[in-house]
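If you want the building blocks of each chain, they are given just below.
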Amino acid sequence: MSFERLLLRTWSDNHLFSVLVELTYRCNLDCFFCYNDLGLRGRPLSVEQYDELFADLRDLQVLNLTLTGGEPLAHPDFLRLGARARELGFVVRIKSNGHALRGAMARRIRDEIDPFLVEVSLHGATAAVHDRQTREPGSFERLLANLREMRGLGLRVKLNSTLTAWNEHEIEDTMALADRLELPLQIDPEVTPRDDGDREPQSIAPSRAGVRRLFELLAERAAAARERPVEQAGQAGPGEQAGPAGAPSVQVSRLADDGLAPAAAEKHCGAGSSGIAVDPYGNVYPCVQWRRPVGNLHEQSIRDIWAGSSGLADVRTLTVAAKKMVDGFGAAGQLLNFCPGNAAAWSGDALQVYPAALSRMEMAQQAQAGGQEQDGLANRPAPAPAPRKTLLPILQS
């Protein structure tokens, strides 16, 4: 069975495949646009409850387990929980700001957890921009040192970056930095509200020109890749865009997205059908971006929530309706990069197309058409190939 067909079955059969666990909201940085609801209160899950959760997920035949936060390394039992996840056979991912990923901690993560991938946040190409967003002086230089150390240890690392008004002017330099570090880069073109609905982070949302420039750069990289001999092309997976010769890929997507999605799926995304998220207090959500509680682990096991939650049943119905809505846009629908969770946060309606999605679709169409717009720039490269669908629909060049 192909991987795509396997994913199709997880969506259609409501087979839990990927789980994201927010271990803590504590963090050693103070990023301005952090989406965590730091005012949320509750009783944190105990180590014993995590053990029970992980055992249930194994019995449910979950494949992917992502440990995140906040900063997951700030959880006092992070290493124990990560090692337990490895012991149970999960494909373990860690999403971290990278600030503490060095020295003994980095070595213990390699030796005791052996994650499939460590995803690290990069907020710009210079200390001035990166440190402005983290609000921690020196965090940029420390991150670069940590990244080199992690690579030297043999850890598999990917960079995550969110496009903002503060870093959009150096997005090309950010791509170049990733190329020099020989690390793949994933760029999220959308700043979202905090999980409590606070829209302050969106005060630094990228401009239309910034989003358009991002997609133009992807088109330029696509053109350069097509002109190179195959043996000189950088490494790139389906829907990803290789950089200069030997460089890894650059991908544009929401940072919640992982992997490819079945093109023939009847649902817009796998939220609540193949994936869920769990916060530090045991609340279960259909997706990290769709903050609609569908159960709590203090009250029910994940087995019971997955099988009997009326909230999950509603979400699965909504993802079918969302696909029909997006398909109504024709081929341009994929360029919306539509997220029902973001839609719900914007208007309360998971099926309403929100302004950022419409603007993104327009900017992507212009870039793919060759960038012959109002700025009068000519001789743009050929448009990038049409994006493929992903586990949560995204735009990739």
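What this report covers is the structure whose coordinates are included nearby. In this text the structure is predicted, and so the values were computed from the model without any measurement. (Residues numbered from 1 in each chain as written. Predicted model: local features only at pLDDT ≥ 70, side-chain atom pairs only at ≥ 80, totals over all residues. Heavy atoms only, no water.)

### Observations regarding the overall build of the chain
Move 1: A tally of regular secondary structure across the chain gives 12 helices and 11 strands.
Move 2: Counting over 397 residues, the chain shows a buried share of 57%.
Move 3: Taking all contacts inside the chain whose residues are at least 6 apart in sequence as the whole, residues at least 24 apart take part in 72%.
Move 4: By element, 50% of the accessible surface of the chain is carried by carbon and sulfur atoms, the whole surface being about 16000 Å². (Helix = DSSP H or I, 4+ residues; strand = E, 2+ residues; numbered from the N terminus. Buried < 20%, exposed > 50% of the residue type's maximum accessible area, 1.4 Å probe, protein only. Contact = heavy atoms within 4.5 Å. Areas by Shrake-Rupley, 256 points an atom, 1.4 Å probe, with all protein chains shown as cover.)

### Remarks on the environment of D314
Move 1: Along the chain, the position of D314 falls in helix α10 (residues 310-327).
Move 2: C-alpha of D314 to C-alpha of G272: the two residues are 42 residues apart in sequence and 9.2 Å apart in space.

### Some thoughts on the packing of helix α5 (residues 127-134) against helix α6 (residues 139-153)
Move 1: Across the interface, α5 lies against α6 with an axial gap of 8 Å and an inter-helix angle of 105°. It follows that α5 is roughly perpendicular to α6 by the angle criterion. In contact with A127, H130, D131 and T134 of α5, α6 contributes S139, F140 and L143.
Move 2: Of the residues contributing to the contact of α5 with α6, the split by class is 3 nonpolar, 3 polar and 1 charged. (Axes fitted to C-alpha atoms, helices over the stretch in contact; angles between N-to-C directions. Parallel < 35°, antiparallel > 145°, perpendicular 65-115°, else oblique. Nonpolar A, V, L, I, M, F, W, Y, C, P; charged D, E, K, R; others polar.)

### Describing the packing of aromatic side chains
Move 1: Across all of its chains, the model carries 5 aromatic pairs by this definition.
Move 2: Plain terms: the ring middles of Y25 and Y281 are 6.3 Å apart, the flat faces sit at 75° to each other, and that makes the pair edge-to-face. Pair noted here: Y25 is in the loop between β1 (18-22) and α2 (47-59) and Y281 is in the loop between β9 (275-278) and β10 (283-285), with a separation of 256 residues, a long-range link. Neither Y25 nor Y281 differs from the other in exposure class; each is buried.
Move 3: On the numbers, 6.4 Å between centres and 70° between planes, the contact of F54 with F90 is edge-to-face. In this pair, F54 sits in helix α2 while F90 sits in the loop between α3 (78-87) and β3 (91-96), placing the two residues 36 residues apart along the sequence.
Move 4: Directly above the ring of W346 sits R199, whose terminal nitrogen or CZ lies 4.2 Å from the centroid. (Phe/Tyr/Trp six-rings, centres within 6.5 Å; stacked < 30°, edge-to-face > 60°. Lys NZ or Arg CZ within 6 Å of the ring centre and 35° of its normal.)

### Examining the pattern of salt bridges
Move 1: All told, the structure shown has 27 salt bridges when counted by the stated rule.
Move 2: R208 is paired through a salt bridge with E362; the nearest N and O atoms lie 2.9 Å apart. Here R208 is found in helix α8 (residues 208-227), whereas its partner E362 is found in helix α12 (residues 355-368), with 154 residues between them in sequence.
Move 3: For E216, the salt bridge is made with R213, and the minimal N-O distance between the two is 3.5 Å. On the criterion of helical spacing, the pair formed by E216 and R213 is a turn pair, its members being 3 residues apart in helix α8.
Move 4: Exposure remark for R213: the relative accessible area of 25% places this residue in the partly exposed category. (Salt bridge = Lys/Arg side-chain N within 4 Å of Asp/Glu carboxyl O.)

### Observations regarding unusual backbone geometry
Move 1: Each neighbour pair has its own omega, and for G69 with G70 the value is 20°, a cis peptide bond.
Move 2: As for its placement among the helices and strands, G70 is situated in the loop between β2 (64-68) and α3.
Move 3: Phi angles above zero are rare outside glycine, and D114 is one such case at about 50°.
Move 4: Classification of D114 as partly exposed rests on a relative accessible area of 40%.

### Quick notes on the pairing of β1
Move 1: Of all 5 residues that make up β1, 5 are buried, and the element is covered over most of its length.
Move 2: Covered by surrounding structure in β1 are S18, L20 and E22 together with V19 and V21, the residues of both alternating faces.
Move 3: You can see the chain leave β1, run along α2 and come back into β2, and the turn it takes is right-handed.
Move 4: Two elements, β1 and β9, share 4 bridges in a ladder whose sense is parallel. Along β9, the bridge assignment pairs V21 with V278. (Right-handed = clockwise from strand over helix to strand, strands pointing away. Pairing = 2+ DSSP bridges.)

### Regarding the layout of surface pockets
Move 1: Considering only enclosed or pocket space, the largest pocket measures out at about 1000 Å³ in volume.
Move 2: Lining of the largest pocket is provided by 46 residues; of these, F33, C34, Y35, N36 and G69 occupy positions nearest its centre.
Move 3: Counting residues per element, the ones that place at least two in the lining of the largest pocket are β3, β4 (117-121), β5 (157-162) and α11 (340-347).
Move 4: With 4 residues, α11 is the single largest residue contributor to the lining of the largest pocket.
Move 5: Among the residues making up the lining of the largest pocket, the classes are represented as 19 nonpolar, 16 polar and 11 charged. (1 Å grid on protein atoms, 1.4 Å probe; cavity = no way out; pocket = protein on both sides within 12 Å on 5 of 7 lines; lining within 4 Å. Points joined across faces, edges and corners; volume = space filled by probe spheres on them.)

### Observations concerning the nonpolar core
Move 1: Counting residues in hydrophobic clusters, the biggest one holds 77 residues, and the most contacted among them are F54, L57 and L147.
Move 2: Not counting residues up to four positions away in its chain, the partners in contact with L57 are L16, V19, V62, L65, F90 and I302.
Move 3: Residues A277, V288, W290 and V315 belong to the second largest nonpolar core, which totals 9 residues. (Core = buried A, V, L, I, M, F, W, Y, C linked by side-chain atoms within 4.5 Å.)

### Describing helix α4 (residues 103-113)
Move 1: By the burial criterion, the buried members of α4 are A106, I109 and I113. For α4, the arc enclosing every buried residue in end-on projection is 80°, short of the 170-degree limit, so these residues lie on one face.
Move 2: Looking at the buried side of α4, the elements it contacts are α3, β3 and α6.
Move 3: Positive backbone phi, approximately 50°, marks D114, located one or two places after α4. (Arc of directions from axis to C-beta.)

### Observations regarding the pairing of β4
Move 1: Burial of β4 is extensive: 4 of the 5 residues sit out of reach of the surface.
Move 2: In terms of strand pairing, β3 meets β4 through 4 bridges, oriented parallel. Within β4, the residue paired with K95 across the bridge is E119.
Move 3: With α4 bridging β3 and the parallel β4, this β-α-β connection has right-handed handedness.

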